[in-house]
Structures are given as C-alpha cells and as structure tokens.
Amino acid sequence: MYRTALRNVLAHKGRLLMTALAVMLGTAFVAGTMVFSDTFGKAMRDSNSKSYSDVSVQVVDRAAGSSASARQKGEGGSATLTDATLQQLAALPGTAGARGVVSGFTGVADKKGSLIGQVWAAKGANFAPGQDGKDPRYPMVEGQGPKAAKEVALDRKTVDKAGYKVGDTVRVAANGPVVEAKLTGVFTTDDPVVNTGGTLTLFDKATAQQTLLEPGRYSSIVLTAKPGTSQDALLAQAQPAVPSGHQFDVETGAKLKADEQDMISKGTSSMRTMLLVFAFIALFVGIFIIANTFTMLVAQRTKELALLRAVGASRKQVTRSVLIEALLIGTVSAVAGLIAGIGIGAGMQSLIGSLNENMPNGSLVIKPLTVVVTVVVGVLVTVMSALLPAMRASRIAPVAAMSSGDQPVSQKSLVVRNTIGSVLAGGGLALIGYGASTGDDSGRLPVGLGAFLALIGVFVLLPLLSRPVVALVGPLLRGLGGTPGKLAQQNAVRNPRRTAATAAALTIGLTLVTGLTVIGASVNDTIDRAVTKSMKADFIVGAANSMSLSEQVPAQIAKAPGVAASSAMTSAYWDLNGTSMVVSGLDAAVLDQLADVELTSGSTAGFGKGQLLLDEDTAKKLNVTTGSVLNVSFADESTGPLTVGGVYKSGGMLGRVMLANTDIAKHEPKPHISDVLVKGKDGATDGLKQALKDATGANPVIEVKSQQDVRDEFSQTITFALNLMYGLLGMAVLIAILGVVNTLAMSVFERKREIGMLRAIGLDRGGIKRMVRLESVVISLFGAGIGLLLGCFIAWAINGTLKSSLSGLTTVLPYGQLALFLALAGVVGLVAAIWPARRASKLDILSSIKTD
C-alpha cells in the first residue's frame with residue numbers, strides 16, 4: 001500500500017500541482033512572517049542595546065513629560081526634580097556621577113519652513129558638559145555644544161537632511177513661539193529617536209528648562225555607580241533621597257534596558273500575530289482546495305480503489321494510502337514553502353529598509369521553531385484536509401470495480417449536512433444580531449463568534465444554495481452563450497459539493513474584503529459628516545503633535561488679515577454628577593459663526609452665561625434634560641452647580657459637553673488649547689491660509705487645515721489601513737484562484753468522454769472553451785455573491801458595536817466598490833479558466849470517446 005501511495009502521487013502529479021502550490025503559498029506566508037518578525041525584532045533590540053549603557057540608576061519625573069490635559073486631571077504632584085535633588089543624589093556614597101536631564105518635544109524646520117521628520121520623533125534635550133566641556137552622550141563632530149540662549153546643536157542626520165552647516169540660523173519650536181537660533185555644533189548619537197529617523201535638538205541647560213519644562217526643573221536624573229557598587233545597592237541609596245510624590249519612577253539601568261527589550265518583543269509579537277492571522281486565513285482557504293482535489297481524485301479512482309478492496313485491501317489500508325499521499329504532498333510543499341518563506345522574510349526586511357532608511361537592519365534570523373512550525377503546519381493542514389476524502393475512499397465497495405461513475409450521495413448524508421449547516425448559520429446570525437444590538441464593545445465577542453459560526457454554516461449549506469442561485473442566472477447564460485451557456489449551467493450544478501468547495505475559497509476572501517470595505521466607508525462617512533455637520537469654520541489651526549497650543553497663538557491668529565472670527569477651542573477635565581468628562585470651550589460671541597450646533601432642545605442663549613450644552617448621548621448617560629442642574633467638581637478642587645442650557649445632536653467635532661471659554665477660565669487659568677477655529681472674510685482662501693501661517697511665525701509645529709484637509713487626512717489613514725488589509729488578503733485570494741483552476745482542470749479530465757461526444761455531435765473548439773469559461777465565471781460569481789452578502793451583514797454588526805466609540809456611526813454600502821468586487825470575481829473566473837478551457841478544446845475526439 002505504501003508503494004501504491006507513492007505510485008499514485010507520481011501518476012497524478014499534474015493534478016496535485018495546484019494543491020501543492022496552495023500549501024506552499026500558505027506555509028511560505030507563515031515562514032516569511034516568522035523570519036521577518038524575528039529578524040526585525042533582533043535588529044530593533046540590537047539598535048537600542050546601548051540606550052542605557054551609561055545608566056546605573058535613573059529617576060524619572062512622569063509629571064514633567066505629561067500633557068496639559070493630564071495635569072488638568074490631577075496627575076503628578078507639587079514636588080519636582082531640581083538642582084537640590086541632583087546635589088543630594090550626587091552626594092550618595094555609591095554615586096560616581098549624577099547628571100540632570102531635560103527632555104521634551106522640539107520640532108526643527110528645514111530651509112523651506114517645513115517640519116523635518118515625523119512629529120512624534122522630534123525631541124529636544126539639554127547639553128550637559130563635564131569639566132572638559134564635552135557631553136559624552138553627544139560627541140561633537142563639528143563645532144561645539146550650545147552655551148547660551150539662541151544656540152542649538154543638531155544631530156548629524158538632521159543636518160544632512162536639511163543641508164545646514166555650523167553657523168546657520170535654525171528655526172526650532174517646542175510648544176511656544178518659534179525660536180531662531182544659531183547652529184553651534186553637529187553631533188552623533190545612538191539615541192533611539194535619531195536611529196529611527198527622528199530629530200534631536202540640544203540646548204544649554206537654562207534654555208532647555210525654560211523651553212521644555214520650567215526654570216530649575218529636570219525631567220530625569222541619571223546616576224552612575226562607583227566601581228564596586230552594584231546598581232541595586234545604588235538604587236537602595238537613591239530611593240530615600242528622591243522627593244516624596246507618586247509621579248517619580250526610580251529604576252536601575254538593567255531594569256530599564258530589560259523593560260525596553262520587553263516592549264520591543266511585545267511590539268514585534270503583536271505584528272507577528274496580525275500577519276499570522278492572515279497567513280492562516282490563506283491556509284484555511286487552501287483546505288478547500290486540498291479537500292476538493294482529493295475528493296475528485298478518489299471519485300476518479302473509484303474502480304482502482306474498489307479493485308484493491310476486491311483483492312484483499314482493508315478499509316484501513318485504503319484510508320492509509322490516501323493519507324500517505326497527502327503526507328508526501330504536505331511535506332514536499334511545506335519544505336518548498338519554508339524556502340520561499342525565507343525569501344519572503346528577506347524581501348519584507350529589504351522593503352522596510354527602502355521605505356525608511358533609518359529602520360534598523362540586520363542579518364536574517366531563522367530559528368529552529370520557524371522550521372518546525374512551518375513543516376508541521378503544512379503537513380497537518382494537508383493531511384487533515386484529506387482525511388474526509390480518505391474515509392470516503394475506504395467506504396467504496398468492492399463491487400464498484402464492476403460499475404462506472406461516481407458513487408451516489410445518500411439522502412441521509414445530505415439531510416444531516418443541511419441540518420448541521422442550518423443550525424450553525426442560524427446560531428451564528430443570531431449571535432451577530434445580538435452583538436450588534438448592544439451598541440458597545442461588549443458585543444464584539446458575540447459578533448466575532450457569530451461571524452465564525454455563520455461562515456462555517458454557510459460553507460456547509462453552499463451545495464444546497466448552489467442549485468437555486470445558479471438557476472437564477474440560467475437565462476442569462478443561455479442568452480450569452482447559447483448551447484455552451486446551457487451546458488455550463490448544467491455542469492455548475494451537476495456536482496453541488498464540488499461547486500460549493502470551489503466557491504467557498506472565494507467566499508472567504510470576498511467576505512473579509514467586503515466587510516473591511518463597508519466598515520471603512522462607514523467610518524469615513526461618519527468623520528466626513530462630523531466635520532461638515534458641526535463646523536462652520538474655514539480653517540482649524542492646531543499643533544502637529546496634538547499638544548496644547550501656546551497662549552499667544554489665539555491672539556496672533558485673531559490679528560491676521562482676512563480673519564472675520566476666531567476662537568480658541570479649549571478643554572477641561574471636570575466631574576459632572578460624579579462622571580469625569582471633557583468639557584470643550586469656545587468663545588460665546590462667535591459660537592454661531594464658527595460652529596453649527598444642531599439643538600434638539602433648549603437654546604444657545606445661555607452659552608456664555610454659565611450654562612452648559614450637552615450632546616444627546618451625554619444627556620442620556622447623565623439622565624438630564626434642558627434645565628437640569630449638574631453638580632460639577634472642577635480641577636481647582638472647587639465645586640458648584642451648572643445648568644444645562646440645551647441639548648444638541650451627537651456626532652460632530654464639538655465634543656460631548658460645551659461651555660464658554662470665559663466660564664472655563666474661572667476654574668482653569670491655563671486650559672488646554674487643542675485648536676483655534678477661524679472664519680475668513682472671504683471664505684477658505686489660499687491667501688488666508690498663508691496669512692494664518694505667517695501670523696504664527698511660520699511655526700513648523702503648527703498646522704493650518706481646511707475642512708477638506710481634515711477629511712482628506714482621515715480618509716488617507718483609512719485608505720492606507722484598507723490597502724494594507726487588501727494586500728495581506730492577497731495570498732488568500734491567489735490560493736482561491738488556484739482552487740478554481742484546479743477544479744476546472746480536474747473536471748475537464750474527468751469529463752473527457754463527455755467533451756469528446758460534444759465535439760463528435762458538432763460543438764466546435766470555441767464552444768468547448770466558452771462552456772468551460774462560463775462555468776468558471778458562474779462558480780466565481782456564486783462564491784463572490786455569497787461573500788458580498790455575508791461581508792455586508794458582518795460589517796453592519798461590527799458597526800453596531802462601534803457606535804459607543806464613534807458617535808453617529810451608520811452603515812454605508814459603497815455600491816460602486818461592491819460592484820467592482822463582483823466584476824473582478826467574474827474576471828478571476830475568466831482568467832482561471834484559460835488553461836482548463838484551452839486543454840479541453842484540444843482533446844482528441846476519438847481518444848476521448850474511448851476513454852475508460
């Protein structure tokens with residue numbers, strides 16, 4: 001039986017080619033993901049290995065790096081790290097050296113005034129020279145470190161990008177006005193911010209404290225231990241000397257390095273998990289191809305298998321012979337997939353490097369686990385997929401050697417299959433509906449489980465669905481293809497299980513693609529409506545780093561030529577009836593010019609007179625209406641009542657709670673300024689946009705966006721995410737195409753005699769080709785259509801669970817894109833049929849008719 005299995009593999013290697021390709025592609029995706037994530041993770045860890053090489057103990061003031069909004073919520077304390085703290089820590093018995101560190105956001109403008117690099121990777125710090133005038137952290141390769149105000153030093157990569165040289169005037173900005181400073185030096189560093197493409201600007205100590213924190217304050221203090229003093233011993237000495245306050249973290253350098261390495265590992269692990277999900281989707285699609293291939297092979301070898309039974313082979317031996325075939329194919333394909341996966345991993349690493357030259361690089365990492373997982377997964381998927389066909393093969397009676405044709409499917413098996421499918425699909429749809437009805441994230445688990453069950457149930461029911469669905473397109477096929485079209489329809493429903501197994505692969509791909517597309521279109525529409533619905537302002541001025549704008553910015557913008565009205569958009573964190581909420585502020589005098597507040601009750605008359613405006617969701621949550629009085633706890637620890645002056649529709653950019661800026665200022669002397677809304681005298685003109693930029697001193701950190709700019713920014717983010725998902729699903733779609741090709745090719749071989757008879761009675765080669773092509777298109781459109789419907793339904797349910805996070809979210813069906821997907825499925829069917837149709841048309845009439 002082992003020799004028989006090997007002979008069968010060699011005899012049917014052409015028919016098993018697509019199965020082998022499907023397994024190879026799926027395992028290549030798995031291997032490529034593991035190789036890439038291991039390689040990238042090691043490169044990141046190596047790149048950051050020197051981050052804490054000079055740190056024995058570090059004391060960090062978390063409050064120094066917190067945002068204004070965090071401080072509003074009461075995070076941090078009154079104690080800070082000062083020169084006195086630095087001196088106390090420096091005097092510890094185990095301290096060899098102590099260095100005060102000041103750090104914070106600092107953007108650098110290029111010669112055109114644009115921000116260099118990404119805003120999240122723009123950092124400023126203090127230059128802390130020793131007695132020799134040098135800072136070992138930042139060795140100068142040109143010039144010297146900054147010694148006074150309006151002097152800066154920049155890292156080598158930033159200088160090269162911008163084309164600066166020592167002595168040039170450089171424009172930098174933190175959260176205040178732009179500063180024009182002289183470039184006194186250029187340095188090299190292994191700082192992770194710079195290694196990943198960011199910018200690092202050095203100031204003298206006093207300027208850094210004034211610009212990034214406040215005079216006399218440090219964000220952290222770094223201690224170096226004396227020889228013979230361990231990091232843990234120095235930590236024990238330092239902890240009592242640190243000011244009391246919950247905002248201080250005191251850690252050893254070894255612990256900080258371990259935490260950083262752990263963070264990198266978790267990041268690469270998350271990336272690996274996401275990629276592996278799509279890899280296993282591709283393998284899941286491959287299961288249908290493998291099972292379909294072995295089912296057809298068993299059907300084509302009915303006489304052979306029955307003869308083996310007749311000459312004494314047991315059922316176990318027949319089953320084992322089929323599984324051995326699967327084992328051989330799985331092993332060879334998995335090894336080929338491993339080799340291809342190593343190439344994919346190397347290609348992904350090169351791609352990352354070409355997209356961002358600052359990304360760390362390193363040699364490929366191929367762990368034994370990668371080899372084992374790839375081969376085991378490939379073999380298991382192949383063998384398990386062939387298990388059911390193998391069991392069917394063992395049930396072939398010896399008497400079948402005397403007959404021809406497929407073994408009939410029992411009515412009982414069909415009833416059982418349809419019952420199981422109906423239960424799974426019905427239960428899955430019910431869970432999806434329940435999850436959607438919750439309206440919040442608690443429904444995501446039921447929706448996810450329901451989607452899985454519904455998908456499996458639909459797969460089981462596909463044979464039942466294929467006959468009526470294909471019958472619907474019968475008249476169209478006959479009209480387009482005549483006799484070949486009629487034959488294509490009959491062939492598509494001749495073996496519903498085979499049609500269903502082929503279509504299922506496309507159903508999976510289209511379900512996922514459709515679901516993602518509908519969710520993306522719905523979110524995009526909601527954001528678009530939020531911008532256009534609530535904003536009358538022509539421009540929104542904000543900080544690129546999402547931090548609070550300087551207090552001078554609103555006044556500067558108000559004086560810009562062409563401005564008809566403007567207002568700072570502030571925020572405060574207060575407790576309303578015991579619930580912490582963000583209160584958004586606007587100037588009452590220009591509210592109607594800048595915002596469109598669509599009230600459902602009350603009015604804006606009390607806005608500016610101490611009355612709140614709430615959106616519908618917040619009013620419902622707090623169980624209040626217009627005229628209700630709320631007990632408010634303010635950030636300054638005072639309390640008082642505020643009356644609800646009106647309730648407005650949810651879903652805009654105005655926030656959930658609104659109050660006039662003058663009323664917020666009574667309890668927030670320095671509120672967080674997120675944006676400045678601007679209405680132009682002549683609308684959103686390019687001239688006004690430039691005037692607003694000029695008014696802020698052409699600050700590289702400040703962005704001026706029109707309503708369309710805001711919409712485009714969100715749209716680009718969503719489009720990028722969708723394109724990434726489409727790309728990751730591409731492997732599954734490719735495997736699905738191979739499945740269609742495989743089924744048609746094997747079907748042509750199986751129907752040799754029939755095709756020969758059709759040719760003999762007058763159907764020409766063109767008619768044969770048209771018949772095979774139309775059959776392929778029908779199967780592809782059937783699978784795609786089911787996938788479109790299921791994907792739309794699942795997307796509707798997921799949108800229901802997102803409503804609490806994204807107010808005003810409604811499901812939008814992008815009919816143009818959905819029609820395009822359906823059309824592309826038809827094209828896939830045509831392409832998949834090229835080789836089988838060509839092969840069918842070239843069959844010799846006489847040899848086909850006499851095929852046994």
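The structure we're discussing is the one just above.
Since the structure is predicted, the reported quantities are computational estimates derived from the model, not experimental observations.

Caption draft 1: Fine view of the pairing of strand β20 (residues 657-660). Side chains V657 and L659 project from β20 onto one buried face, and the interleaved M658 and A660 project onto a second face that is buried too. With 4 bridges joining them, strand β15 (residues 579-586) and β20 adopt parallel strand pairing. In the strand pairing of β20, S584 is matched with M658.

Caption draft 2: Just the packing of helix α24 (residues 765-802) against helix α25 (residues 815-832), in detail. Viewed as axis vectors pointing N to C, α24 and α25 meet at an angle of 150°, and their least axial separation amounts to 8 Å. With respect to their mutual orientation, α24 and α25 come out roughly antiparallel. Seen from above, α24 lies across α25 with right-handed handedness. Contacts between α24 and α25 involve R773, S776, V777, S780, L781, A784, G785, L788 and C792 from the first element and L818, F821, L822, A825, G826, V828, G829, L830 and A832 from the second. Considering only residue class, the contact of α24 with α25 consists of 12 nonpolar, 5 polar and 1 charged.

Caption draft 3: Region of interest: the pattern of salt bridges. Per the counting criterion, the structure on display carries 23 salt bridges. Ionic pairing is found between R171 and E180, a salt bridge with its closest N-O pair at 3.8 Å. One network of salt bridges, in which partners are shared, links D38, R272 and K367.

Caption draft 4: Seen up close, helix α4 (residues 83-90). For α4, the full list of buried residues reads T85, L86 and L89. Seen from one end, α4 has its buried residues packed into an arc of 100°, which puts them on one side. Residues of α4 that are buried in the fold lie against β1 (57-61), β2 (95-101), β11 (220-225) and α8 (231-238).

Caption draft 5: A look at helix α16 (residues 496-534). The end-to-end C-alpha separation of α16 is 54 Å, in line with the 57 Å expected for 39 residues at 1.5 Å each. The axis of α16 is deflected most strongly, by about 30°, at A504. Among the 39 residues that make up α16, 30 are buried, leaving the element largely enclosed by the rest of the structure.

Caption draft 6: Local environment of the environment of S571. With respect to the helices, strands and loops of the structure, S571 is situated in strand β14 (residues 563-576). By relative accessible area, which is 10% here, S571 ends up buried. Spatially, the C-alpha atom of S571 lies 9.7 Å from that of V657, the residues being 86 residues apart in sequence.

Caption draft 7: Summary view of a nonpolar patch on the surface. Residues V372, V376, L380, M384, L387, L388 and M391 make up a contiguous nonpolar surface patch of about 600 Å² in total accessible area. Inspection of the secondary structure assignment puts V372 in helix α12 (residues 368-394). Among the residues examined, V372 registers a relative accessible area of 47% and is labelled partly exposed.

Caption draft 8: The arrangement of the packing of aromatic side chains in detail. Applying the stated rule across the entire model yields 6 aromatic pairs. With centroids separated by 5.3 Å and ring planes inclined at 65°, the aromatic side chains of Y138 and F187 adopt a geometry described as edge-to-face. Here the residue Y138 occupies a position in the loop between β5 (122-126) and β6 (140-143), and F187 occupies one in strand β9 (residues 179-187), the gap between them amounting to 49 residues. Grouping residues by exposure puts Y138 and F187 together as buried. Centroid distance F284 to F459: 6.2 Å. Interplanar angle 40°. Geometry classified as tilted.

Caption draft 9: Main features of unusual backbone geometry. Look at N577: it is not a glycine, yet its phi comes out positive at around 50°. Topologically, N577 is positioned in the loop between β14 and β15. A residue is classified by how much of its surface remains accessible, and N577, at 37% relative accessible area, is partly exposed.

Caption draft 10: Representation of the pairing of strand β10 (residues 199-203) within the structure. By the criterion of burial, β10 is predominantly enclosed, with 5 of the 5 residues buried. Every second residue of β10 is oriented toward a common face, with T199, T201 and F203 on one face and L200 and L202 on the other, all of them buried. In this structure, β5 lies alongside β10, joined through 5 bridges in parallel fashion. Paired with A125 across the strands is L202, a residue of β10. Pairing between strand β7 (residues 151-155) and β10: 2 bridges, direction antiparallel. Residue pairing in the sheet places A153 in a bridge with L202 of β10.

Caption draft 11: Inspection of the sheet that holds β11 at higher detail. Strands sit in the order β2-β11-β1-β12 across an open sheet of 4 strands; the sheet is antiparallel. Taken across any chain shown, the strands that pair with only one partner, and hence form the sheet edges, are β2 and β12 (248-252). Taking each pair of neighbouring strands and ignoring which way they run, the sheet shows an average axis angle of 15°. Bridge count for β1 against β11 is 4 bridges, and the pairing is antiparallel. Its bridge partner being in β11, V59 is matched across the sheet by I221. Where α4 meets the sheet, it contacts β1, β2 and β11, and its direction lies at approximately 165° from that of β2. Lying over the sheet, α8 contacts β1, β2, β11 and β12, oriented at roughly 155° with respect to β12.

Caption draft 12: Highlighting the nonpolar core. Residues F29, V285, F294, F459, L462, I735 and I768 are the most contacted members of the largest nonpolar core, which totals 97 residues. If you tally residues by element for this core, the top one is helix α9 (residues 253-300), at 14 residues. Excluding its chain neighbours within four sequence positions, the residues that come into contact with F459 are F284, F288, R417, A504, T507 and I508. Counting 36 residues, the second-largest nonpolar core is a separate cluster that includes V152, A241, F248 and V250.

Quick notes on the rules
- Residues numbered from 1 in each chain as written.
- Predicted model: local features only at pLDDT ≥ 70, side-chain atom pairs only at ≥ 80, totals over all residues.
- Heavy atoms only, no water.
- Buried < 20%, exposed > 50% of the residue type's maximum accessible area, 1.4 Å probe, protein only.
- Helix = DSSP H or I, 4+ residues; strand = E, 2+ residues; numbered from the N terminus.
- Pairing = 2+ DSSP bridges.
- Axes fitted to C-alpha atoms, helices over the stretch in contact; angles between N-to-C directions.
- Parallel < 35°, antiparallel > 145°, perpendicular 65-115°, else oblique.
- Left-handed = near helix turned anticlockwise from the far one by under 90°.
- Contact = heavy atoms within 4.5 Å.
- Nonpolar A, V, L, I, M, F, W, Y, C, P; charged D, E, K, R; others polar.
- Salt bridge = Lys/Arg side-chain N within 4 Å of Asp/Glu carboxyl O.
- Arc of directions from axis to C-beta.
- Expected span 1.5 Å × (residues − 1).
- Bend = angle between axes of the 7 residues up to and from the residue.
- Patch = residues over 30% accessible without salt bridge, like charges linked within 9 Å, V, L, I, M, F, W, Y side chains within 5 Å.
- Areas by Shrake-Rupley, 256 points an atom, 1.4 Å probe, with all protein chains shown as cover.
- Phe/Tyr/Trp six-rings, centres within 6.5 Å; stacked < 30°, edge-to-face > 60°.
- Core = buried A, V, L, I, M, F, W, Y, C linked by side-chain atoms within 4.5 Å.

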